[in-house]
Amino acid sequence: MAVRPEKFAMKNIIRVTFVLIAYSVSWASAKFSFNTQDLVLLVNDSTTLTLTLTDNVPENTTLILSINHKELLTTNITTIEVINSSGPNVWPVELFGHDAGHDLLKVDVYPSSIKSSDAFVRVTLQHSNELALISVVVGWVYFVAWSISFYPQMYENWKRKSVVGLNFDFIALNLVGFILYSMFNVGLWIPEIEEEYSARNPRGLNPVQLNDIFFSIHAVFATLITVAQCYFYEKGEQQVSRTAKSIMSFYGLLIAILLVLVYLQKIVWLDFLYYCSYIKLSITLIKYIPQAVMNYKRKSTIGWSIGNIFLDFTGGLLSILQMIINAYNYNDWASVFGDPTKFGLGLLSVIFDILFFLQHYVFYSPKNSKIYDLTGCT
C-alpha cells in the first residue's frame, strides 16, 4: 500500500520535532557544579575538589576555570574539553593555597547554553585553624557580653525603684536603633528580600546570621523593659529632650519617605533595609552623648549602672580584637581600615566606656558625690 506524501512528511516533521525537543531538554538540563561552594584552605596547603557534569552535552564544550587572585590561589588545570559527553562526568580539580585572603574559583562554559551559575567555590585562605577557632570563641564571648549588658541597668532601676540618673534620650535612641537593627536582620531572612540580595550578590552569602536576629530582638525586648521602668519608677523631672525628639522625628520622616519610594517602586525592600541600617549606625554614633553630658551636669553617675559599662566595654574590646585576629588570619586588613564604619563604631563605644569609667571612679566617685538620689542613697 502506497504511503501518501503528506502523511510521510507529517511523520518526519513529528519525528524531527521529538528529536529537537529531546536535544533541547538534555541541553537545558545539563549543568556543571562543584561538590562544595565554600572552602577553607590553609596557606601552603592543597585540596582536591570535584567538578561534576550532571547530564549529557550534545556537542563539544570548553570549560575555562578562572581565579581572581593567582597570587593567593592556583589550580592544576585551567581548561577542560568536553567531547560529545553522553552522560554525567566528574573531573578532579586540585587547589593550591599560596597566601591568606579570599578568592573565587569559577567555571565559564563555551558555548554558554549550559548552566554553570552553580559552578563556583568561595575560598577562604587562612594562616591558622587555631586562630580561626580563637576568633569564633572571642565572637561568642562578646556576643554574650553584649546580650547581658542590658540587665545590670534594669537591676539597678529595680533595686532603687528609681530611674533618676538614667538619661531618657539614651534609652529612646537605643530603642529606635535596635528596632531598625531588628528590621534589617529579620528582613534579610524574608525569602523575597533574600532573593533580592542573592540577585544583587549572586555568589555572596547572607550577611545576617541567626545570632544577629536573636541579639537584635532581645535588645528591643530588654530596652522596652527599661522603658517600662521609666514609666513606673520614680523619675523626677526627667523626660526625653526636644533635641532627641527632633532627631527621632527626622529619622521617622526619612523612613516614611523611604516607604513611599518602595511603594512607588523607586527602590526595593533590600535598599530600604540598608538605609535603616545606616540610620542605626548614626544613632550608635550619638546615643552615648546625652548620658555623658547628664553625668557631667549632675557631677554624679548615681543611677547609671557601671555593670552595663563593664559588659559593653568587654564586648567592644573583644569585637575589635576579633577584627584584628581575622584581619591577620585572612590577610584582610581592608576590613579594618578600608571600611572604618564597623571598626570606628566599636572603637567609639570603647572610648565612651572609658569616659564613663573615669566619670564613675575618678571625676564623680560616689563616695565624693554631693548629689543624692531620691532613695537617699549617695
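Residues numbered from 1 in each chain as written. Predicted model: local features only at pLDDT ≥ 70, side-chain atom pairs only at ≥ 80, totals over all residues. Heavy atoms only, no water.

Would you mind going over the confidence of the model for the protein chain with me for this structure?
Close inspection of predicted coordinates is inappropriate for parts of the model with low pLDDT. Residues at a pLDDT of 70 or more form 83% of the protein chain, whose mean pLDDT is 83. Note on residues 18–28: pLDDT under 50 across the span, and eleven contacts to partners over four residues away in sequence or across chains. For residues 371–378, every residue scores under 50 in pLDDT, and the model assigns this stretch 16 contacts once sequence neighbours within four places are set aside. (pLDDT = per-residue confidence, 0-100. Contact = heavy atoms within 4.5 Å.)

Explain the nonpolar core to me, please; I cannot follow it from the model alone.
As a rule of thumb, soluble globular proteins bury nonpolar side chains together. By size, the foremost hydrophobic cluster in this structure holds 26 residues, and its most contacted members are F32, L51, L63 and L95. Judged by nonpolar contacts, the second largest core, of 19 residues, contains F184, Y251, L270 and F272. (Core = buried A, V, L, I, M, F, W, Y, C linked by side-chain atoms within 4.5 Å. Buried < 20%, exposed > 50% of the residue type's maximum accessible area, 1.4 Å probe, protein only.)

Sorry, what's going on with the packing of helix 3 (residues 151–160) against helix 6 (residues 210–232) here?
In helix packing, the relevant descriptors are the interaxial angle and the interaxial distance, both defined with respect to the helix axes. Relative to each other, helix 3 and helix 6 sit at 15°, their axes nearing to 10 Å. Put simply, helix 3 runs roughly parallel to helix 6. For the pair helix 3 and helix 6, the sense of crossing is left-handed. On helix 6, the residues touching Y151, M154, N157 and W158 of helix 3 are H218, A222, I225, T226 and Q229. Tallied by class, residues from the contact of helix 3 with helix 6 come to five nonpolar, four polar and no charged. (Axes fitted to C-alpha atoms, helices over the stretch in contact; angles between N-to-C directions. Helix = DSSP H or I, 4+ residues; strand = E, 2+ residues; numbered from the N terminus. Parallel < 35°, antiparallel > 145°, perpendicular 65-115°, else oblique. Left-handed = near helix turned anticlockwise from the far one by under 90°. Nonpolar A, V, L, I, M, F, W, Y, C, P; charged D, E, K, R; others polar.)

Explain the pattern of salt bridges here, please?
A complete count under the given rule lists one salt bridge for this structure. Note that R122 and D38 form a salt bridge whose closest N and O atoms lie 2.8 Å from each other. Placement of R122 in strand 9 (residues 120–126) and of D38 in strand 2 (residues 38–42) is noted, with a sequence separation of 84 residues between them. Taking relative accessible area as the criterion, R122 reaches 17% and is therefore assigned buried. (Salt bridge = Lys/Arg side-chain N within 4 Å of Asp/Glu carboxyl O.)

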